[in-house]
Amino acid sequence: QVQLVESGGGLVQPGGSLRLSCVASGSIFSIYTMGWYRQAPGNQRELVAGITSGGSTNYADSVKGRFTISRDNAKNTVYLQMNSLKPEDTADYYCNAELRRSNGYVRAYWGQGTRVTVSS
């Protein structure tokens, strides 16, 4: 079994910061791409940021310059540092990881989500 567990969401005022974390655990052989997605009420889930095992990153245009994705391969953990938060960043944030399990099987996994609310 593989689990992705997010943490770090919460309520923050506009202009504030939050850091999300996601830890992958279980029968993992290696992790390829990790990423953060978000889904606001009534909207489709969208990619926020992604990072490869080599550290290459990509971001949605709406968060460039404000959010930073990073990962600690030794800890199977991905982070999302969110600065200068705006009300439109309010959403449920989901961690995603494409990985190879110990049995050789490759697939993508999702976390359960963590809610971020930006409001005064």
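Just above, that's the structure.
Residues numbered from 1 in each chain as written. Predicted model: local features only at pLDDT ≥ 70, side-chain atom pairs only at ≥ 80, totals over all residues. Heavy atoms only, no water.

Going through the model one piece at a time under the given rule, you end up with five salt bridges. Here E46 makes a salt bridge to R38, at a shortest N to O gap of 2.8 Å. Take R38: its relative accessible area is 6%, and that puts it in the buried class. When the shortest N-O distance is used, the salt bridge between K64 and D61 registers 3.1 Å. Taking relative accessible area as the criterion, D61 reaches 64% and is therefore assigned exposed. Connected through shared salt-bridge partners, R38, E46, R66 and D89 make up one network. (Salt bridge = Lys/Arg side-chain N within 4 Å of Asp/Glu carboxyl O. Buried < 20%, exposed > 50% of the residue type's maximum accessible area, 1.4 Å probe, protein only.)

Our focus in this paragraph is the sheet that holds strand β3 (residues 18–26). Here four strands make up an open sheet; going across it, the order is β1-β3-β8-β7 and the pairing antiparallel. The sheet is open, and its two borders are formed by β1 (2–7) and β7 (67–72), each paired with just one other strand. Each strand axis lies, on average, 15 degrees off the axis of its neighbour in the sheet, ignoring direction. (Pairing = 2+ DSSP bridges. Helix = DSSP H or I, 4+ residues; strand = E, 2+ residues; numbered from the N terminus. Axes fitted to C-alpha atoms, helices over the stretch in contact; angles between N-to-C directions.)

Right, let's get into the state of the cysteines. Counted by the stated rule, this structure contains one disulfide. Put simply, C22 and C95 are joined by a disulfide, and their sulfur atoms are 2.1 Å apart. On the S-S bond that ties C22 to C95, the torsion sits near -80 degrees, and the link is left-handed. Of the two residues, C22 sits in strand β3 while C95 sits in strand β9 (residues 91–101), which places them 73 residues apart along the sequence. (Disulfide = S-S within 2.5 Å.)

Further remarks concern unusual backbone geometry. Phi at N76 is positive, roughly 50 degrees, even though this residue is not glycine. Looking at the secondary structure, you find N76 in the loop between β7 and β8 (77–82). A positive phi angle is found at S84, which is not glycine, with a value near 50 degrees. By secondary structure assignment, the location of S84 is in the loop between β8 and β9.

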